[in-house]
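Chain by chain, the residues run as shown.
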Amino acid sequence: MKKLLAIGIFALISVYGFSQTQKPDSLKDVIEKHEGKLNALDERVLVNEADLSKLNKIKVSGYIQSQWESYGADLEKSNGYNNTFYIRRARIKFTYEALDGVKFVLQPDFSTGNLSLKDAYAVVNIPKLKNWTLWTGQMNRPDYEVEYSSSQREVLERSRVIKTIYPGEREVGVKLEYAGTKIPLKFQLMAMNGNFTGAQAKDFDSQKDIMARLVYSVKLPGAGVGIDFGPNVYYGGNLSKNNKYFKNSDGTLDSLKSVWKYLNKNWVGGEIQIFADVLGGMAIKGEYITGINSSPSSVAATSTMAQMLASPSLYNNFSGYYIYFVKNIGPKNQFVAKYDYYDPNTKLSGDAAGNNIYYKTWTLAWQYYLNDFIRISLNYEMPKNEINASNPTDKKDNTLGVRIQAKF
Amino acid sequence: MKNFKILPIMLVLAVMASLTAFSQAKITVKGSDTMVILAQKWAELYMKTNPSASIQVTGGGSGIGITALINGTTDICNASRPMKQTEIEKLKARYNTLGVEIPCAKDGVTIFLNETNKVSELTLIQLSGIYAGKIRNWKEVGGNDAEIRLYGRENSSGTYTYFHDEVVKADYAANTQSLPGTAAVVNAVKKDVNGIGYGGAAYAVGVKNAKVKKDANSTAYLPTKESIGKGAYPITRFLYMYLRNRPTGETKKYIDWILSAEGQLVVTEVGYFPVK
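## Comments concerning the pairing of strand β9 (residues 195-199) of chain B
Residues and elements named next belong to chain B.
Link 1 in the chain: Across the five residues of β9, five count as buried, placing the element largely inside the fold.
Link 2 in the chain: Burial along β9 is two-sided: the face carrying Gly-195, Gly-197 and Gly-199 and the face carrying Ile-196 and Tyr-198 are both buried.
Link 3 in the chain: Bridge count for strand β5 (residues 110-113) against β9 is four bridges, and the pairing is antiparallel. Across the sheet, Ile-111 pairs through a bridge with Tyr-198, a residue of β9.

Structural data, given as structure tokens:
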């Protein structure tokens, strides 16, 4: 035991003596040592900051629309059910702002059974042309109701005319856009394939469709009123590959010079949105569109003359419009009444119209904004169809919908 | 279209909601850090003379304030830059109004230099070059042979956006250190002999303000009451309050007081410049 104690004391003295032989660091050494550490940390922070700034350029947003719908008896017959829960949309939008004036957008939709690419485009500010941007890729067609996001729209669905002439809302092409800062003017010009339905990757034909939209804004700040208005135009065509015969809107049969010629697809429109601060916000928004739409015959190239005459391509003079009345009630509630009209063939009415009948649709809706992220919508859509021999009664096709939207 | 029964239900709901929608207990103010000291002073003085009023002021940056206005989490948004068209579109979509813009003070965006810096004036092109990272050494603008160290604001700041849009007109240099608030920018420049910063005039304490001129042939100005009043200082801007709707009740009373001679005196006391 004494031996062990002696060894311990010796060891302690040795360690103490050794430590005494080391010179203590001078203050300068200590500062230099810490300065080095701080510089190293500083470099690491700068590297991290550079990495973080890259991440800051990526913005992720999105929304989920979960809803329940109840249908009228005629819709029940065609659907097989009179009510359902479903996911209307489930979208995530990725926006990467690579540089000042260079932006990439990618937006898939993950709703059940509908995994699809909604947006995939790049936006570039045109050098030396302030306020001009060039868009390329798959994007919304330039139209008010099309561009108005479904996450903001006050009723659950777009108008019948818009859904018919701009199916799926998107197109593939290039768009030139001017958004004035000094002049309150917006101009959009888009060249596109013209037949996009969301399924095919490339065009059906060689002709590119053109769409243009002009919107001028007037502000009357004293009255709390703002008015946006302007015209829009669509100029395009559908290739009739196998059948030169077509039926005019009035039902008369006509013919192109030969097959592989284009059927016209042209229309013009006008839009107006009036915003007024009357005991809270209020808006009246509308658009009218009229023109000719065409649908190419689907007969095979090997068809007989009789088959071609029996299934000609179709021309339809159409018109349609919609009008919204929206009233905000306090910061959380909103009342909406909407009326929309669509006649797919204005040249024919009554029994002669067959199934090309007009629809007049009233929609009443109520929005409740629970917080920044959640919106609850109650929506009642009441379509009224034209009555003729083919459609002898007003269809029981009213739809009641309740939607909960979570947005981030 | 067989059923219109839902219409009266909705109308009843609308009337009930209207009756409860406009009651307001307190005023919340959120936004610009540049304006936060001014807004706090206004609120403090107003509440002294109007004890029933309750005004809560927070900063965060103009971008944060505008987002809060759009999301409905603030009554008044303070912003040191005008609202962008995209932000107005969001207000339109959510509230069906264009918003109400109230210029409530003027500011000269001040260029802060360390007190030992030899440089005393800069042109707008030089400032753009410095913050875009094209001019990297003080000797290129008449100073010492030393690397320029850039201090700026975070991208939620209205001053960041205003300075970017009106002066830099390009991407900020990657080595610009983003700081939370003009006070932090001033503090950084105070300690860094080669530092440069920008921000609201009210914060310029313990640093040297650079004179600014439009181009090499123009007269250089400091941000003073006279130069800003005449519009001679090249980086003069308005400071704004934004609301979703035209103000009513206590909010209107408060804004009217801010724009009165008494409220505008506070602007001068804090270090900014009155609108009238």
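## Focus on helix α3 (residues 62-71) of chain B
All names here are of chain B.
Link 1 in the chain: With nine of its 10 residues buried, α3 lies for the most part within the structure.
Link 2 in the chain: Elements in contact with the buried residues of α3: β1 (27-31), β2 (55-60), β3 (76-79), α4 (85-95), α6 (158-168) and β11 (236-243).
Link 3 in the chain: At the C-terminal side of α3, Gly-72 shows a positive phi close to 85°.

## As for the nonpolar core
Residue and element names in this part refer to chain B.
Link 1 in the chain: Residues Ile-111, Phe-112, Val-189, Ile-196 and Tyr-242 are the most contacted members of the largest nonpolar core, which totals 103 residues.
Link 2 in the chain: Both domains that furnish three or more residues to this core are identified here as domain 1 (27-105 + 239-270) and domain 2 (110-234).
Link 3 in the chain: If near-sequence neighbours (up to four positions away) are discounted, Val-189 is found in contact with Phe-112, Leu-113, Asn-114, Tyr-151, Gly-195, Ile-196, Gly-197 and Val-207.

## Description of the sheet that holds strand β4 (residues 100-108) of chain B
One key point about sheets: their strands pair by backbone hydrogen bonds, in either a parallel or an antiparallel sense.
Residues and elements named next belong to chain B.
Link 1 in the chain: Ordered by their spatial adjacency, five strands build an open sheet running β2-β1-β3-β11-β4, and the pairing between neighbours is mixed. In this open sheet, the two strands that pair with only one neighbour each are β2 and β4. Averaged over all pairs of adjacent strands, the angle between strand axes in this sheet comes to 20°, irrespective of strand direction.
Link 2 in the chain: Pairing of β3 with β11 involves three bridges; the strand directions are antiparallel. Directly across from Cys-77, in β11, lies its bridge partner Tyr-242.

## Things to note about the domain arrangement of chain B
Residue and element names in this part refer to chain B.
Link 1 in the chain: When the domains of chain B are assigned, the result is domain 1 (27-105 + 239-270) and domain 2 (110-234).
Link 2 in the chain: Put simply, the middle of domain 1 and the middle of domain 2, counted by C-alpha atoms, are 27 Å apart.
Link 3 in the chain: Counting from both sides, the interface comprises 13 residues of domain 1 and, opposite them, 12 residues of domain 2.

## Remarks on the sheet that holds strand β8 (residues 177-179) of chain B
Residue and element names in this part refer to chain B.
Link 1 in the chain: On the basis of which strands lie adjacent, the open sheet formed by six strands has the order β6-β10-β5-β9-β7-β8 and mixed pairing. Only two strands of the sheet have a single neighbouring strand rather than two, namely β6 (121-123) and β8. Across the sheet, the mean angle separating the axes of adjacent strands is 35° when strand polarity is ignored.
Link 2 in the chain: Of the strands in this sheet, β5, β6, β7 (149-153), β9 and β10 (208-213) are in contact with helix α5 (residues 124-132), which crosses β6 at around 85°.
Link 3 in the chain: The strands that helix α7 (residues 182-191) touches are β5, β7, β8 and β9; relative to β9, the one it contacts most, it runs at about 160°.

Cut-offs and rules
Residues numbered from 1 in each chain as written. Chains lettered and ligands numbered in written order. Predicted model: local features only at pLDDT ≥ 70, side-chain atom pairs only at ≥ 80, totals over all residues. Buried ≥ 20, exposed ≤ 12 C-beta atoms within 10 Å, placed from the backbone. Helix = DSSP H or I, 4+ residues; strand = E, 2+ residues; numbered from the N terminus. Pairing = 2+ DSSP bridges. Contact = placed C-beta atoms within 7 Å. Core = buried A, V, L, I, M, F, W, Y, C linked by C-beta atoms within 7 Å. Domains from an automatic or database assignment. Axes fitted to C-alpha atoms, helices over the stretch in contact; angles between N-to-C directions.

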